[in-house]
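Chains, contacts and geometry: an overview
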Amino acid sequence: MLRTHTCGELRLENVGTEVTLTGWVQRIRDKGGMIWIDLRDRYGITQLMLEENQTAPEVIEAARSLGREFVVQATGTVIERKSKNPNLLTGDIEIQLKNLTVLNPAKLPPFLVEDDTDGGDDLRMKYRYLDLRRNPVRKNLELRHRMAQHTRIYMDAQDFIEVETPVLIKSTPEGARDFVVPSRMNPGEFYALPQSPQTFKQLLMVSGFDRYYQIVKCFRDEDLRADRQPEFTQIDCEMSFVEQEDILQMFEGLIRHLFKMVKGMELGEVPRMTYVDAMKFYGSDKPDTRFGMQFVELKGTFDTIDLTSGKNFGVFDAAELVVGINVPGAANYTRKQIDELTEWIKRPQIGAKGLVYVRYNEDGTIKSSVDKFYSEEDLKHWVVAFQAKPGDLMLIISGDAAKARKQLNELRLEMGTRLGLRKPDDYKVLWVLDFPLLEWGEEEGHPNAGRWFAMHHPFTSPKPEDISLLDSNDNIELGAIRANAYDMVINGTEVGGGSIRIFNRDLQAKMFKLLGFSDEEAKAQFGFLMDAFEFGAPPHGGIAFGFDRLCSLFGGADSIRDFIAFPKNNSGRDVMIDSPSPIAQKQLDELSIGVVKK
Ligand code: ASP
C-alpha cells in the first residue's frame with residue numbers, strides 16, 4: 001500500500017508515530033508562517049501541518065502548489081493538536097509534514113466537493129464521480145451496502161438461497177412496458193429485460209428450491225414520474241408450502257432484522273390493515289400511519305348515517321361521498337389560511353371542487369362555511385362524528401367517492417406535513433392485506449383502459465372463498481374478488497408487495513381468460529409456466545421489496561437517486577455517459593433494424 005494509515009484512523013495514542021497517508025486535498029489554509037492541509041479519503045479527514053522553520057523549503061513549496069482535489073501522498077509525524085476539532089474523529093491530532101508527493105494533479109472541480117456543495121443537480125450528475133466523493137452521498141451508498149449485507153445474512157439464516165435469473169428474457173406483462181433488446185442472431189426477434197424475475201422464481205419453486213431470493217436489477221419502461229428509475233433493484237423472494245401468514249411473518253422478520261442491525265431500532269409488531277379499511281380511513285392503499293386524522297364520513301358508501309342530505313345544500317345532496325378529517329388544534333387557522341388551503345386543493349394536480357370547513361372554537365361555539373344550510377344542532381352531530389375537541393378544525397370534501405378519497409388523502413398528508421407530524425426518523429411499518437384481485441382500467445388511452453387487469457399481477461391467487469366469483473358476469477362481483485396479496489408500507493410509501501400464487505393450470509388459464517387473453521395468447525406467452533404447473537407445482541408465494549426505496553427510507557431521505565451510485569435523471573438519461581444514444585447504421589444493419597435516428 002502507498003499508505004500506512006487511512007485519513008480516518010489516527011488518534012492521540014498514535015502521537016510520535018511516523019505515518020504515510022494518501023488522499024485528496026480538500027482544503028488548504030496558508031497563514032504565511034504556517035500551512036494546513038485537510039487530506040480526505042473515504043474514511044475521514046486528517047489535518048497536515050507545515051511550519052516555516054520546521055519543514056524543508058521544497059516541501060513547503062510543494063504544498064503551496066497544491067490545488068483542490070490533488071491526489072497526494074504525505075509522510076510525517078503524528079502530533080497532538082493545539083486547537084482540537086471535536087467534529088473530526090481525527091480532531092485531536094495533526095501530521096507534522098516531512099514529505100509530500102503529488103500522485104496526480106487535478107483540474108479545478110466544477111463544484112465544491114464538500115458536504116454543503118454549490119453544485120446543482122445537473123452538474124453533480126454529470127460529474128457523478130466527484131459527487132460520490134462527498135460524505136452525504138458516500139454514506140448513502142455505505143448504508144445501501146449494509147442493507148444488502150444484512151439482507152443476505154437474514155435470508156441465508158432462514159435457508160433461502162440466492163439464485164441468479166436471466167436478464168435477457170421474454171416479455172412478461174406486469175403492468176409496465178418492457179425494455180427490448182434486438183437479437184442479432186435471430187433477425188426480427190427481441191429479448192425483453194425483466195420487469196421482475198416473477199415467472200422464473202415460480203419455476204424455481206416447481207424445481208423444488210423451496211426458498212429463493214435474489215437482490216436483482218429490474219427494468220420498467222414507464223413514463224418517468226419524479227423519483228422513478230427505469231432500472232431499479234428488488235429484494236425478490238419466493239417460498240414453497242406457505243400460506244399468507246407464513247410470508248408475513250418471514251418478511252416482517254427481515255424488516256425487523258434490518259431495523260435492528262442497520263438502525264439499532266426495535267420495530268415491534270407490524271400492524272395490519274385491510275385494503276378496504278385503508279381506503280375508508282385514509283383514502284389510500286399506502287397510508288402514512290405516523291399520524292391520525294383518519295377519514296370520517298358524513299355521508300358515505302359504507303354503512304354511514306347520512307348527516308348532510310335534505311338541508312338544501314345541493315353540493316352535498318348530489319355527492320356520492322361527504323368525507324373529512326379533523327385537524328387537531330387548528331381552529332385558529334385564519335380565513336386567509338383556509339382560503340389558501342382551498343386554493344391548494346383546487347389545483348389541477350389535486351382537482352377538488354372546493355373545501356368546506358367547520359371550526360370548533362375554544363369557547364365551544366361552532367362556525368362553518370356552510371352555516372347557511374346547517375344549524376348549530378346539525379353541526380354538533382358532525383362534531384360528534386369527528387370526535388372533535390374545542391380548538392379543532394374539520395376539513396370536508398365531497399363528490400365522486402373515489403375522487404374525493406384521493407383528494408382528501410392529499411389534504412391529510414399536506415396537513416400532516418404542515419403540522420410536523422411526518423418526521424423521517426419516526427418509522428411506522430404496516431401490512432396492507434386483501435387487495436382486490438382485479439382492477440378496471442379507467443385511464444383513457446392506457447393499454448388497460450376499458451378492461452379488467454390484475455391489480456398485482458396475473459399469477460396472484462384469489463382468496464379460496466372468492467374463487468367461485470371468477471365465473472361471474474357481474475362487474476361489481478368481479479371487482480369484489482379479493483386476492484391473497486399484500487403490501488408492506490413504511491411511512492406512507494409502498495416498500496414491498498407480493499402474493500400467494502396460482503399453482504394450478506386450470507385456474508391460471510381462467511385468470512388469463514378473465515384478463516382478456518385468448519387461449520392462444522396465453523399459451524404463446526405463458527405456456528411454459530402453465531406446462532410447469534402440470535409437473536408437480538407446490539403451493540407457493542412470495543414478495544419483492546423495492547431495495548432503492550427501502551434504502552432511502554432508512555436513510556431518512558425522500559429521493560432514491562442518492563442511494564444509487566449512477567442513477568438516471570428524470571428523463572431517463574444518464575447525463576454522465578450520455579445515454580441513451582444513437583448507434584451506427586452498421587450496428588443497426590447487423591441487428592436487422594432499418595431506421596436510423598438522425
Ligand atoms: N414480482 C412482483 C413485483 O415485482 C412481486 C411479487 O409478487 O413477488 O411487484
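Parameters and conventions
Residues numbered from 1 in each chain as written. Predicted model: local features only at pLDDT ≥ 70, side-chain atom pairs only at ≥ 80, totals over all residues. Heavy atoms only, no water. Helix = DSSP H or I, 4+ residues; strand = E, 2+ residues; numbered from the N terminus. Expected span 1.5 Å × (residues − 1). Contact = heavy atoms within 4.5 Å. UniProt positions renumbered as here; feature names shortened; annotations may be inferred. Buried < 20%, exposed > 50% of the residue type's maximum accessible area, 1.4 Å probe, protein only. Salt bridge = Lys/Arg side-chain N within 4 Å of Asp/Glu carboxyl O. Pairing = 2+ DSSP bridges. Axes fitted to C-alpha atoms, helices over the stretch in contact; angles between N-to-C directions. Parallel < 35°, antiparallel > 145°, perpendicular 65-115°, else oblique. Left-handed = near helix turned anticlockwise from the far one by under 90°. Nonpolar A, V, L, I, M, F, W, Y, C, P; charged D, E, K, R; others polar.

1. Quick notes on helix H9 (residues 335-346)
Given a rise of 1.5 Å per residue, 12 residues ought to cover 16 Å, and the 16 Å separating the end C-alpha atoms of H9 matches this to within 8%. Elements in contact with the buried residues of H9: strand S14 (356-360), strand S16 (392-399) and helix H11 (401-418).

2. What about the UniProt feature "binding site: L-aspartate" (unreviewed entry) in the protein?
Summarizing the sequence annotation, UniProt attributes the feature "binding site: L-aspartate" (unreviewed entry) to Glu174, Arg220, His456 and Arg501 in the numbering used throughout. Tracing the sequence through the fold places histidine 456 in the loop between strand S19 (452-454) and helix H12 (475-480). Tracing the chain through its elements places arginine 501 in the loop between strand S21 (493-500) and helix H13 (505-514). Residue class for arginine 501 comes out buried when judged on its relative accessible area of 2%.

3. Concerning the pattern of salt bridges
Per the stated rule, a full pass over the model turns up 44 salt bridges. Put simply, arginine 418 and glutamate 414 hold a salt bridge, and the shortest N to O gap is 2.7 Å. Of the two residues, arginine 418 and glutamate 414 both sit in helix H11, four residues apart, roughly one turn of that helix. Judged by its relative accessible area of 31%, arginine 418 falls in the partly exposed class. We note a salt bridge from glutamate 590 to lysine 586, for which the minimum N-O separation is 3.8 Å. Residue glutamate 590 and its partner lysine 586 are located together in helix H16 (residues 585-590), separated by four residues, close to a single helical turn. Judged by relative accessible area, lysine 586 falls into the exposed class, the value being 61%. One network of salt bridges, with partners in common, ties together Asp121, Arg124, Arg128, Asp131, Arg134 and Asp562.

4. So, the environment of glycine 23
One can find glycine 23 in strand S1 (residues 18-30). A relative accessible area of 4% places glycine 23 in the buried class. Between the C-alpha atoms of glycine 23 and threonine 46, which are 23 residues apart in sequence, the distance is 9.6 Å. Other than its neighbours up to four places away in sequence, glycine 23 contacts Leu39, Arg40, Phe70, Val71 and Val72.

5. Examining the sheet that holds strand S6 (residues 161-162)
Taken in spatial order, the eight strands make up an open sheet running S6-S9-S10-S22-S21-S20-S17-S11, and their pairing is mixed. Whereas interior strands pair on both sides, the edge strands pair on one side only; in this sheet they are S6 and strand S11 (272-274). Pairing geometry for S21 and strand S22 (residues 540-546), over five bridges, is antiparallel. From the neighbouring strand, isoleucine 500 faces S22, where its bridge partner is glycine 541. Its contacts with the sheet put helix H6 (residues 244-263) on strand S9 (211-219), strand S10 (231-240), S11, strand S17 (429-433), strand S20 (485-490), S21 and S22, and the angle it makes with S20 is roughly 20°.

6. Regarding the packing of H9 against H11
Closest axis-to-axis distance for the H9/H11 pair is 10 Å, and the angle between their directions is 135°. Overall, the two elements H9 and H11 adopt an arrangement that is oblique. Relative to H11, H9 is oriented so that their crossing is right-handed. Across the interface between the two elements, Glu340, Leu341, Trp344 and Ile345 from H9 touch Gln407, Glu410, Leu411, Glu414, Met415 and Arg418 from H11. The residue inventory of the contact of H9 with H11, partitioned by class, reads five nonpolar, one polar and four charged.

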